[in-house]
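Structural features, examined
In case you want the letters, here they are:
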Amino acid sequence: MELLREQEHELTGQIQKLERIKGMVQPRLEHTAQGICIGKERIWTADCPEENIFLGPALPEDCELLDGWNCLPAFYEACIEQNIPIGLTVGSLVEYDEGAGKLSDKPARYFCRLPKGQYPDFHTKPAGKYAIGTKYMGYGGNTAVLYRQIFDYIEEHGLTVCGNAYEEFLIDEIGEKDISRYMLQTAIQVKDNK
């Protein structure tokens, strides 16, 4: 009887491990499928649901975008401390400064979206309207062009930035060998000018 209980305990542990791996792979599949469905660079708005995300430590103020790779180990260490696998897609959070009424010039933190129901609530990406843009670019590419296109769209459609921007690669080295085919998506929370 004791041997059966030990085997059951071991199997339960293996099942939990496989569920966590599935929880890492599933978002990657969804992001890649989403990027493939979008298929081209474009800008649009969407009403997005609330999402549980994990925010890493604040990036150093002197951190340059191309130096961002040097800051990833601290993010991964924070994930490990919270039992979050490091295989989830990592994005960048660009904070909205309410006093200035604009977004910061560069990312403030790394984040990852957490699969529903598998983790406690860490931080909430608010539900609401987002202006979303996609652009094919490799790591270290110039995001200023994409932001300019999104800001032009926001102005043309009578919208105002009212929250953070979330940058994520929908298609990355996991789903595409050609670095020029990596697809960055930036979603900026907006509201109607009324």
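Residues numbered from 1 in each chain as written. Predicted model: local features only at pLDDT ≥ 70, side-chain atom pairs only at ≥ 80, totals over all residues. Heavy atoms only, no water.

1. A word on the sheet that holds strand β1 (residues 43-48)
Strand order across the open sheet formed by eight strands is β1-β8-β10-β9-β3-β6-β2-β7, with antiparallel pairing between neighbours. The two strands at the open ends of the sheet, each matched to only one other strand, are β1 and β7 (123-125). When the angles between neighbouring strand axes are averaged without regard to direction, this sheet yields 35°. In the sheet, strand β2 (residues 51-55) pairs with β7 via three bridges, with the strands oriented antiparallel. Among the inter-strand pairings, isoleucine 53 is bridged to a residue of β7, identified as histidine 123. The strands touched by helix α2 (residues 72-81) within the sheet are β2, β3 (90-94) and β6 (109-113), with β6 carrying the most contacts at an inclination of about 45°. With respect to the sheet, helix α3 (residues 144-156) is in contact with β1, β3, β8 (128-136), β9 (159-171) and β10 (183-192), its orientation differing from that of β10 by roughly 30°. (Pairing = 2+ DSSP bridges. Helix = DSSP H or I, 4+ residues; strand = E, 2+ residues; numbered from the N terminus. Axes fitted to C-alpha atoms, helices over the stretch in contact; angles between N-to-C directions. Contact = heavy atoms within 4.5 Å.)

2. Here's the deal with the nonpolar core
Judged by nonpolar contacts, the single largest core of 17 residues is most densely connected at Leu103, Tyr147, Ile150, Ile154, Ala165, Ile188 and Val190. Where this core is concerned, the elements lending two or more residues are α3, β9 and β10. The element best represented in this core is α3, accounting for five residues. Apart from residues lying up to four places away in sequence, isoleucine 150 is in contact with Ile43, Ala131, Gly133, Thr186 and Ile188. Ile38, Leu170, Met183 and Ala187 belong to the second largest nonpolar core, which has 15 residues in total. (Core = buried A, V, L, I, M, F, W, Y, C linked by side-chain atoms within 4.5 Å. Buried < 20%, exposed > 50% of the residue type's maximum accessible area, 1.4 Å probe, protein only.)

3. What about unusual backbone geometry?
Look at asparagine 83: it is not a glycine, yet its phi comes out positive at around 60°. Residue placement: asparagine 83 occurs in the loop between α2 and β3.

4. A word on the environment of alanine 187
Mapped onto the fold, alanine 187 is located in strand β10. In this structure alanine 187 comes out as buried when scored by relative accessible area, which is 4%. C-alpha separation for the pair alanine 187 and cysteine 79, spaced 108 residues apart in sequence, amounts to 23 Å. Once you skip the residues sitting within four places of it in the chain, alanine 187 turns out to touch Lys125, Tyr130, Ala131, Ile132, Asn164, Ala165 and Tyr166.

5. Looking at α2
Buried residues of α2: Leu72, Phe75, Ala78 and Cys79, and no others. The buried side chains of α2 occupy one side of the element, clustering within an arc of 120° when seen end-on. In α2, the exposed residues that point more than 90 degrees away from the buried face are Glu77, Ile80 and Glu81. Among the structural elements, β2, β3 and β6 are those in contact with the buried residues of α2. (Arc of directions from axis to C-beta.)

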